[in-house]
Amino acid sequence: MLQGGMSDVEVAAKLGVKRDTIYRLKKRMSFTSSAQKSATRSISFRLSEDEFRAFASLAIECGCKSNAEFARVLSRSATGFIEVSREKADELEEIRYELNKIGTNINQIAWAANSKKIELVASQWSDIRQLKTDIGSLRTYLAAVVAETRRRGTRLWRKSEYGHE
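Note that the structure is a prediction, hence the values are computed from the model and not measured. (Residues numbered from 1 in each chain as written. Predicted model: local features only at pLDDT ≥ 70, side-chain atom pairs only at ≥ 80, totals over all residues. Heavy atoms only, no water.)

J.: How should I be thinking about the overall build of the protein chain in this particular structure?
T.: If you tally the helices and strands in the protein chain, you get eight helices and zero strands. What you see in the protein chain, going N to C, is helices and strands ordered as α-α-α-α-α-α-α-α. Among the 165 residues that make up the protein chain, the fraction classed as buried is 19%. In the structure as shown, the protein chain presents an accessible area of about 12700 Å², 54% of it carried by carbon and sulfur atoms. (Helix = DSSP H or I, 4+ residues; strand = E, 2+ residues; numbered from the N terminus. Buried < 20%, exposed > 50% of the residue type's maximum accessible area, 1.4 Å probe, protein only. Areas by Shrake-Rupley, 256 points an atom, 1.4 Å probe, with all protein chains shown as cover.)

Have a look at this one:
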């Protein structure tokens, strides 16, 4: 039924079991539907011994768990996907978090000035407004980059000349 395209919920209802039961069975059996199988294509190529050693060495250096993963990284990078290691993606997320905190501090300064708890001169108000604008733009951009890395670059790919969106 799953290979025929039925959802977990539909199969569970038809068999009179909970959806979680179907999910656990799929996970235990490493099941992939025919739709999932047809969504990808396999390629192969040959390398000389020297090329293969260099390829394998770079794969290890990049932290890839397999040659296939490294081949995907190379292909995706060459065609416009954003390829960021999990560590770098985590660093970007930390930077985004810090920017949120800085933005909060700027808002607190503006609130204190507006409620007359502190005095700001005109140039300081101008700086505060500019900071709020710049940090807001940077935070929005960084959030989009972090989200894109989590999607493994698919949205960017579809907008590229290769993706034909």
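J.: In this structure, what is going on with the packing of aromatic side chains? I would like to understand it.
T.: Aromatic ring pairs: the centre-centre distance and the angle between the two ring planes describe each pair. Going through the model one piece at a time under the given rule, you end up with two aromatic pairs. With centroids separated by 6.4 Å and ring planes inclined at 80°, the aromatic side chains of Phe 45 and Phe 55 adopt a geometry described as edge-to-face. One end of the pair, Phe 45, is in the loop between helix 3 (34-38) and helix 4 (49-61); the other, Phe 55, is in helix 4, and 10 residues separate them in sequence. According to the relative accessible area criterion, Phe 45 is partly exposed, its value standing at 48%. Given a relative accessible area of 12%, Phe 55 falls into the buried group. (Phe/Tyr/Trp six-rings, centres within 6.5 Å; stacked < 30°, edge-to-face > 60°.)

J.: It is not clear to me how the packing of helix 1 (residues 8-15) against helix 2 (residues 19-28) should be interpreted in this structure. Could you clarify?
T.: Where helix 1 meets helix 2, the closest approach of the two axes is 8 Å, and the angle between their N-to-C directions is 115°. On the basis of the axis angle, helix 1 is roughly perpendicular to helix 2. Between helix 1 and helix 2 lies a crossing of right-handed hand. Listed contacts from helix 2 to Asp 8, Val 9, Val 11, Ala 12 and Leu 15 of helix 1 are Arg 19, Ile 22, Tyr 23 and Lys 26. Classifying every residue of the contact of helix 1 with helix 2 by side-chain character gives six nonpolar, no polar and three charged. (Axes fitted to C-alpha atoms, helices over the stretch in contact; angles between N-to-C directions. Parallel < 35°, antiparallel > 145°, perpendicular 65-115°, else oblique. Left-handed = near helix turned anticlockwise from the far one by under 90°. Contact = heavy atoms within 4.5 Å. Nonpolar A, V, L, I, M, F, W, Y, C, P; charged D, E, K, R; others polar.)

J.: Is there a simple way to think about the nonpolar core in this case?
T.: One finds Leu 92, Leu 99, Ile 106, Ala 110, Ala 113, Leu 120, Ile 128, Ile 135, Leu 142 and Val 145 forming the largest nonpolar core, which totals 10 residues. Those elements that place two or more of their residues in this core are helix 6 (86-114) and helix 7 (122-150). It is helix 6 that provides the largest number of residues to this core, a total of five residues. Not counting residues within four places of it along the chain, the set of residues in contact with Ile 135 comprises Leu 99, Ile 102, Gly 103 and Ile 106. (Core = buried A, V, L, I, M, F, W, Y, C linked by side-chain atoms within 4.5 Å.)

Nothing here speaks to function; it is all geometry.
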